[in-house]
Amino acid sequence: MEIKGGICPELLKSLVKAVEIIETKDVQKYYKLQVEEREIVADIVQKISKSGDLLL
């Protein structure tokens, strides 16, 4: 998925990565992220999955 412009392209990028982690259940995608992005992606994953864990 390509994200262009918009109000919050970095937030959308983080959201897309979080959804990819949930769909693939591939925690390695999380560890490949920049340190600054990991916390945001982890919070999104936890809120979407309604779990305290990174993956279900």
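Computed from a predicted structure; not experimentally measured.

1. A word on the overall build of the chain
Within the chain one finds three helices and zero strands. Helices and strands in the chain line up, N terminus first, as α-α-α. Going through the 56 residues of the chain one by one, you find that 23% of them count as buried. Restricting the contact set of the chain to residue pairs at least 6 apart, pairs at least 24 apart contribute 45%. Summed over its atoms, the accessible surface of the chain is roughly 4300 Å², and 55% of this surface lies on carbon and sulfur atoms.

2. Thoughts on helix α3 (residues 35-49)
Its 15 residues place the ends of α3 21 Å apart at the C-alpha level, agreeing with the 21 Å of an ideal helix rising 1.5 Å per residue. Listed as buried for α3 are E37, V41, A42, I44, V45 and S49. On an axial view of α3, the arc spanned by its buried residues comes to 165 degrees, and they lie on one face. For α3, the exposed residues set more than 90 degrees away from the buried face come down to E36, E39 and K47. Close packing links the buried residues of α3 with α1 (9-24) and α2 (28-31). One or two positions beyond α3, positive phi appears at K50, with a value near 55 degrees.

3. Points about α1
Taking 1.5 Å per residue as the helical rise, α1 with its 16 residues ought to reach 22 Å, and the 22 Å between its terminal C-alpha atoms agrees with that figure. Residues of α1 that are buried: S14, A18 and I21. Taken around the axis of α1, the buried residues stretch over an arc of 60 degrees, which confines them to a single face. In the segment just after α1, K25 is the residue with positive phi, at about 55 degrees.

4. Here's the deal with the nonpolar core
For soluble globular proteins, nonpolar side chains are generally found buried alongside one another. Listed in full, the eight residues of the largest apolar core are A18, I21, Y30, L33, V41, A42, I44 and V45. Among the elements that take part in this core, α3 stands out by supplying four residues, more than any other. Apart from the residues lying within four places of it in its own chain, the contact partners of A18 are V41, I44 and V45.

The rules behind each value
- Residues numbered from 1 in each chain as written.
- Predicted model: local features only at pLDDT ≥ 70, side-chain atom pairs only at ≥ 80, totals over all residues.
- Heavy atoms only, no water.
- Helix = DSSP H or I, 4+ residues; strand = E, 2+ residues; numbered from the N terminus.
- Buried < 20%, exposed > 50% of the residue type's maximum accessible area, 1.4 Å probe, protein only.
- Contact = heavy atoms within 4.5 Å.
- Areas by Shrake-Rupley, 256 points an atom, 1.4 Å probe, with all protein chains shown as cover.
- Expected span 1.5 Å × (residues − 1).
- Arc of directions from axis to C-beta.
- Core = buried A, V, L, I, M, F, W, Y, C linked by side-chain atoms within 4.5 Å.

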